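Take a look at the letters that make up each chain.
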Amino acid sequence: MRDVIFIVLLIMVLVLAACAYRAYKSKKTIGRALSMLLLSLIPPIVGNLIIINSTTYLPALIGSYIYFIGMDLIMATLIKFTIDYCSIKWENKLTISVVYTFLSVDIIQMLLNPVFGHAFKLEEIVVNGLPYFRLVPFTGQTFHRIVVYGEFLAIIIVFIIKLLRVPRIYMERYGIILASMIFGGLWETFYIFSRTPIDTSMIGFGIFGILVFYFSLYYRPMRLLDRMLAGIASELPEALFFFDAMNRCIWANDPALDLVGLDESRLDMVPGELDSIFPDYIMDGTEWQTQQIIGKGRDARFYYLEKHIAKDDYGRFAGSFLSVRDNTEAQRELEKEKYSAAHDSLTGLFNRAHLYQVIHNIVTSHPERKYSLVFVDVNDFKIVNDIFGSEFGDNALKMISEWIKESMPSAVAYGRLGGDTFGVCIPTDDFDEEKMSRELADFKVKKGNIEHHILIHLGVYDVSNPYLEVSVMFDRARLALSTIKEQYQMHIAHYDDDMRKKVLWNQKISSELLTAIEEKQVKPYLQPLVNADGKVVGAEALVRWIHPVEGILPPISFIPVFEQNGMIVELDKFMWRSACEILSEWKYTHPDMFISVNISPKDFYFMDVETEIRRITSEYDIDPSMLRIEITETIMMTDIENRVRMLENLKRDGFIVEMDDFGSGYSSLNLLKDMPVDVIKIDMMFLRKSNENPKARTILRNIITLTDELGIESLTEGVETDRQYRILSDMGCKLFQGYYFSRPIPLEEFEEFCKNRIA
Ligand code: C2E
Ligand code: CA
Ligand code: CA
């Protein structure tokens, strides 16, 4: 019996020491106090071990001291532990110091026992033939018991109060420690009163220590967690189903019951219902998640299913739970967002970014098929908006988008590129150019009783490399379109590679122009103007660009480019200046010879032509009548009143105004009576036609006589033969220009040419 108890107590000491070490290392706040408590449980047990094994007086005595003082230590650490464990905010320092004072006094009086013998002595008895030492208590021992029991009682009261105050769920946390404490205390008391020599109650200390260790470090209130989780689960908006290892439904929250249309008593039917609602639902022991769409079109509902499994401590499948979230609203919202990110809000067509994406996908996924991209542009759409208002404009855009849909039914993609431009992708063979041209020739938009013709142009790019960026393809289609932008009869233009070359060329010469002027690569050539006697009376200044790489460039190769980008202004100012420079030389050599300069209709857009001409002539001090001004009738197409006033001003100040290319455009004789011009230059096409066509010849003659009667001088361009010269002279024409006399030539050659031919 002794040996068994000895071994049990020894094991307990080791276990307690190990637990104390764990507690000390633990990161929990209770760790320190717990560790101290566990350590303090060891001395009384060790004391008892010694007592049990003592056969002589002295070791038994030492064992007793260790035991009693150990009890005081237990009380001290137990108080600290109780304060921490029960989270007592014990501000009353006095109480604590009183408690510790009593403990200290007790320890001291125990230690004084060898001197005064007032606490206890040991008497030897024989049990089962072996000697034992039994305690004989005196006053000091009574004091010791009062102190220890008193404090023990106080601690138990603290625990009881705590137990009564905390929610039921926490009760086991305190209850079990309290119970083990009371149990240990009673056991010990039993020993004291039974006066049996072997103190088995130390086993109770050990058990108490282990319980305390477990509850304060490892125990989690599972029932509390369960309740909390169940609470959370039933509050969740998503449907939750819990299944056991046999896949039987054991619990479902309210949304879940609503979903399957069952009540709590019919949980057995849950798997079957889920099966019929979600056809792809798999009831097995794996984890998965899936999106399921139930129903079609507008009524479709989107569910997100997530299946989780639970495993027991050995990793075996213990059950599972399924959550079902109704994602329909979020999904609809997402689709709406997707739609508006991809569509133009006005017309409902794809927007540019999305259209590019779609077209790219189509053309690259069928590289063997031939597609064309069509760039659709409304001419002067701004004017439509300005005149009729933006509501009408919006409506016009909607009508255009409708027209695109209807007239290109086999288009594989179309959308609004922005503003008044649209893009279409259509199989090349399905693009019916004739039909489109016909429809565009008469395209009207209507709203209420307003009806307006709008001019639409299409630029077409036939996709040759499907991997080219779609934006570049549309740039090319737009480039094709830009070649017919101002035209009213042509509606459709196709891109070809020359166009691209041309654009590059245009960019090149535009960037070179200013240096070319500075370096005198650009020069006026002079073409003689001759009278009926064959005498040179003046010259037309025609520009030439002696390009270091390209050779001599004729005006037709660069003037339209500069007319488009506005650089024509630089060129013309230079030409006028050059003409004035020559005239200022001629003041002394050929004082009666004049020079005609060309004024582009586009000059009027970019500068104040009248002021500019006055400034240059006065700068060179030129008699205005020596610098003749060639304008074309197109300048009269817009802003007629101001243009007429300007011409009148110039004429009044002595400038001579010539109308160039008369008869080439819309010219009507009618215009002649309104336009204050001094000379008309009859276009060379007239002369050419009059060669074969007697009617044209009659018209030519009539123009000459008519202008004569109006007091306007006539000049015929493009005279190439002696015969033409004679016929025109006979008709009464006064001035002539043409290769028959001379091509346009540099100044020095011209001056050479003039010798002997000056009027
Ligand atoms: P334009 O003002 O009608 O000039 C007459 C054009 O006819 C010149 O062409 C001239 O070389 C050509 N020509 C003259 N006689 C004959 C002939 O007997 N037969 C034929 N087939 N052609 C003849 P060029 O120099 O190539 O100029 C073409 C056009 O470029 C000019 O037509 C004019 O509109 C424009 N241009 C020339 N220089 C300037 C300039 O400095 N400024 C502006 N704005 N335009 C200019
Ligand atoms: Ca001219
Ligand atoms: Ca001309």
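Being a predicted model, the structure only gives us computed values, none of them experimental.

Draft legend 1. Fine view of the overall build of the chain. Per the secondary structure count, the chain includes 28 helices and 23 strands. The C-alpha radius of gyration computed for the chain amounts to 57 Å, which surpasses the reference 27 Å derived for 759 residues by more than 25%, pointing to a less compact arrangement than a globule. Reported as C-alpha extents along the three principal axes, the dimensions of the chain are approximately 170 × 65 × 45 Å. Within the chain, buried positions represent 46% of all 759 residues. Across the chain, the fraction of contacts at a sequence separation of at least 24, relative to all contacts at a separation of at least 6, is 62%. Carbon together with sulfur atoms contributes 57% to the accessible area of the chain, which is approximately 39,700 Å² in total.

Draft legend 2. Geometry of the coordination of the calcium ion (ligand 3). Around the calcium ion (ligand 3), the donor atoms from the protein are Asp 660 (OD), Asp 661 (OD), Glu 717 (OE) and Glu 717 (OE), and they sit 2.1 to 2.5 Å away. Along the chain, the residues donating to the calcium ion (ligand 3) are arranged with the sequence spacing D-D-x55-E. Separating the calcium ion (ligand 3) from the calcium ion (ligand 2) is a distance of 4.1 Å, and Asp 660 supplies a donor atom to each of them. On the accessibility criterion, Asp 660 (7% relative accessible area) is buried. For Asp 661, a relative accessible area of 25% translates into the label partly exposed.

Draft legend 3. Quick peek at the packing of helix α7 (residues 171–194) against helix α8 (residues 201–217). It is the contact of α7 with α8, at a shortest axis distance of 8 Å, that shows an interaxial angle of 170 degrees. One element, α7, and the other, α8, form an angle in the roughly antiparallel class. In this structure, α7 uses Glu 172, Arg 173, Ile 176, Ile 177, Ser 180, Met 181, Gly 184, Trp 187, Glu 188 and Tyr 191 to contact α8, whose residues at the interface are Ser 201, Met 202, Ile 203, Gly 204, Phe 205, Phe 208, Leu 211, Val 212 and Phe 215. For the contact of α7 with α8, the residue count by class is 12 nonpolar, four polar and three charged.

Draft legend 4. Representation of the coordination of the calcium ion (ligand 2) within the structure. At 2.1 to 2.3 Å from the calcium ion (ligand 2) lie its protein donor atoms, namely Glu 540 (OE), Asn 598 (OD1), Glu 630 (OE) and Asp 660 (OD). Mapping the donors of the calcium ion (ligand 2) onto the primary sequence yields the spacing E-x57-N-x31-E-x29-D.

Draft legend 5. A look at the domain arrangement of the chain. As far as domains go, the chain holds domain 1 (2–219), domain 2 (232–332), domain 3 (343–495) and domain 4 (512–758). The straight-line distance from the C-alpha centre of domain 1 to that of domain 2 is 55 Å.

Draft legend 6. A look at the site of ligand 1. Around ligand 1 lies a shell of 21 residues, among which Arg 544, Asp 572, Asp 660, Glu 720 and Tyr 739 are the nearest. Take Gln 527: an N or O atom from its side chain is 3.0 Å from a nitrogen atom of ligand 1. Within the side chain of Glu 540, a nitrogen or oxygen atom sits 3.2 Å from an oxygen atom of ligand 1. When ligand 1 sits alone it has 790 Å² of accessible area, and the protein chains cover 82% of it. Taken together, the elements giving at least two residues each to the shell around ligand 1 come down to β16 (536–547), α20 (568–589) and β20 (656–662). Looking at the shell around ligand 1 element by element, the count peaks at four residues for β16. For the shell around ligand 1, the class distribution of residues is nine nonpolar, five polar and seven charged.

Criteria and cut-off values
- Residues numbered from 1 in each chain as written.
- Chains lettered and ligands numbered in written order.
- Predicted model: local features only at pLDDT ≥ 70, side-chain atom pairs only at ≥ 80, totals over all residues.
- Heavy atoms only, no water.
- Helix = DSSP H or I, 4+ residues; strand = E, 2+ residues; numbered from the N terminus.
- Rg over C-alpha atoms; globule rule 2.2 N^0.38 Å.
- Buried < 20%, exposed > 50% of the residue type's maximum accessible area, 1.4 Å probe, protein only.
- Contact = heavy atoms within 4.5 Å.
- Areas by Shrake-Rupley, 256 points an atom, 1.4 Å probe, with all protein chains shown as cover.
- Donors = N, O, S within 2.8 Å, 3.2 Å for Na, K, Ca; no water.
- Axes fitted to C-alpha atoms, helices over the stretch in contact; angles between N-to-C directions.
- Parallel < 35°, antiparallel > 145°, perpendicular 65-115°, else oblique.
- Nonpolar A, V, L, I, M, F, W, Y, C, P; charged D, E, K, R; others polar.
- Domains from an automatic or database assignment.
- Near = heavy atom within 4 Å.
- Polar contact = N/O pair within 3.5 Å; in protein donor to acceptor, adjacent residues only side chain to side chain.

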